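Coordinates in review
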Amino acid sequence: MRIGSIQLESPFCQAGLAGYSDRAMRLVARRRGCSYAVTEALLDTILLSGGLGLKKSIDINDEDHPIAGQLIGSQADTMARAAKILVDHGYDVIDLNFACPVKKIKNAARGGHMLRDVVRGVEILQAVRDAVAPHVPTTVSLRRSFDDTAASAEQFEQLLEAAWGYGYGAVRVHGRTVQQKYQGRAQWEILRKIKQRYPDRVILGSGDVFTAEDAVAMKQQTGVDVVWIARGAIGNPWIFQNARQLLDQQNQTGVTGAAAPLSPPGIHQQRQALCEHFAIAMQIHGEQVAGRRMRKMGIKYARFHPQAVEVKQAFIKIISLRQWNEVLDRYYKVDAAGVWPSPHSSDEVNNEPFSDKLLELEV
Ligand SMILES: Cc1cc2nc3c(=O)[nH]c(=O)nc-3n(C[C@H](O)[C@H](O)[C@H](O)COP(=O)(O)O)c2cc1C
């Protein structure tokens, strides 16, 4: 499986998720089977102004490849210049976000706005492709259309054709319209039809992939080349190895559907992932920001705990690092079989309690 010159080890990708898919989330996922990841949408003008904190959002390390840097913006010139910055920073692929449905983004002629402003979208596609060295693949993220009108479907087609025409290596399609935001079901049938029409193109499919079973089902039902795992990966880095395992099983047996339910991660595996995640987040963001980010992560991780409701409530109440450690010690110390979590050794993994310093977390 390739996107241009970039080889992917598996057909499952960690999606761009604003506020979540930083290097910490990506590395925790990569250590659990994720072989391709996309950054959250990075605003072109912020990249160009090089503001404080920019390094934090765009720094990658050797473990974090292959990776696509995702850009969002409204002007061909600034998008093209920002793309070059990401390439200089070592990004393997440049992805353009023409999908974001958030009001303030689309009203600023960014993201999903392109699906109703094809001229602008095409200009950006061309300018970015021209600016980026030929060996660096470019891709574009789209929704299936802006709304449910025939005119909108036509505009989607125009963008798709333009992307192929300029040599884009792949297109990601979220099976909802921009107007739908996150409501209703994503239409996988549309993904199937797109893949059927473009069998030789690389299509990433997106929408309603919440479990490893969903990821494999999308791949099999629609034929997309890569499944974009978004909300389903928040607090569930195991989804990647599970999806790979399930797909392998099904390819070997020829039987679709799970042979047996996938077992949830043990308590010690959950603790390990939480600790790794916090340690890397702290290196990137410092204690305060890492704490805020990890609380919302912890809330999502909690769903795998046998006392999920109680653990979720405990994460919600956290306002200090001391309390974070207490939650880990209370709920994640020992699993059902009485096995204590093993200590970690890698640089970016530290299972020791963090400082007692109070975190002024937003409640
Ligand atoms: C909190 C949140 C942040 C998101 N941020 C991004 C983003 O930065 N870039 C992007 O391409 N998509 C972003 N998305 C969209 C997801 O990547 C994905 O396309 C969408 O959630 C549909 O997939 P799902 O139904 O499987 O979650 C975001 C979605 C959510 C819920």
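Everything below is about the structure shown above.
The structure reproduced in this document is the subject of the present report. This one's a predicted model, so the numbers in the text were calculated from it and none came from an experiment.

1. A word on the layout of surface pockets
Leftover empty space is mapped by rolling, across the atoms, a probe with the size of a water molecule. One number sums up the size of the largest pocket: a volume of about 1,100 Å³. Along its surface, the largest pocket is lined by 49 residues, and G16, L17, A18, E40 and A41 are the ones closest to its centre. Of all the secondary structure elements, the ones that give two or more residues to the lining of the largest pocket are α1 (23-30), β5 (42-43), α2 (44-49), α3 (54-58), β6 (67-72), α5 (103-106), β9 (170-177) and α11 (267-301). Ranked by the residues each element gives to the lining of the largest pocket, the list is headed by α3, at four residues.

2. Observations regarding the nonpolar core
Counting residues in hydrophobic clusters, the biggest one holds 108 residues, and the most contacted among them are I94, L96 and F315. Among the elements that line this core, the one with the most residues is α11, at twelve residues. Counting contributing residues per domain, this core is built from domain 1 (2-253) and domain 2 (264-363), each supplying no fewer than three. Among all residues touching I94, those that are not within four sequence positions of it are G69, L71, A83, L86, V87, V128, V132, V136, P137, T138 and T139.

3. A short note on empty space enclosed by the protein
Under the defined criterion, the tally for this structure stands at three cavities of 30 Å³ or more. In this structure, the largest cavity encloses a volume near 50 Å³. Considering the residues around the largest cavity, the lining is formed by Y36, V38, D95, T139, V140, S141, V171, R172, L204 and W228. Within the residue set of the lining of the largest cavity, elements represented by two or more residues are β8 (138-145) and β9. Residue contributions to the lining of the largest cavity peak at three residues, all from β8. In the lining of the largest cavity, the residues fall into six nonpolar, two polar and two charged.

Basis of the calculations
- Counting restarts for each chain, with residues numbered from 1 along the sequence as it is written.
- Local features in this predicted model are restricted to residues of pLDDT 70 or higher, and side-chain atom pairs are both shown and tallied only at a pLDDT of 80 or more, whereas totals for entire chains, interfaces and linings draw on every residue.
- The side-chain numbers reported here are obtained from all heavy atoms of the structure, hydrogens and water having been left aside.
- Lining residues are those with an atom within 4 Å of a point, where the points come from a 1 Å grid over the protein atoms alone and group into cavities, where a 1.4 Å probe fits but cannot get out, or pockets, open sets with protein on both sides within 12 Å along at least five of seven lines.
- Grid points are joined across faces, edges and corners, and a volume is the space filled by probe spheres set on the points.
- By definition, any uninterrupted DSSP run of H or I lasting at least four residues is a helix, any uninterrupted run of E lasting at least two residues is a strand, and each is numbered from the N terminus.
- The term nonpolar core refers to a set of buried residues drawn from Ala, Val, Leu, Ile, Met, Phe, Trp, Tyr and Cys, joined through side-chain atoms within 4.5 Å.
- Buried, partly exposed and exposed residues are distinguished by accessible area as a fraction of the type maximum, computed with a 1.4 Å probe on protein chains only: under 20%, between the cut-offs, and over 50%, respectively.
- All domain edges in this entry derive from an automatic or database-based domain assignment.
- Contact criterion: two residues are considered in contact whenever any of their non-hydrogen atoms come within 4.5 Å of each other.
- Residues are grouped as follows: nonpolar covers Ala, Val, Leu, Ile, Met, Phe, Trp, Tyr, Cys and Pro; charged covers Asp, Glu, Lys and Arg; every other residue, Gly included, is treated as polar.

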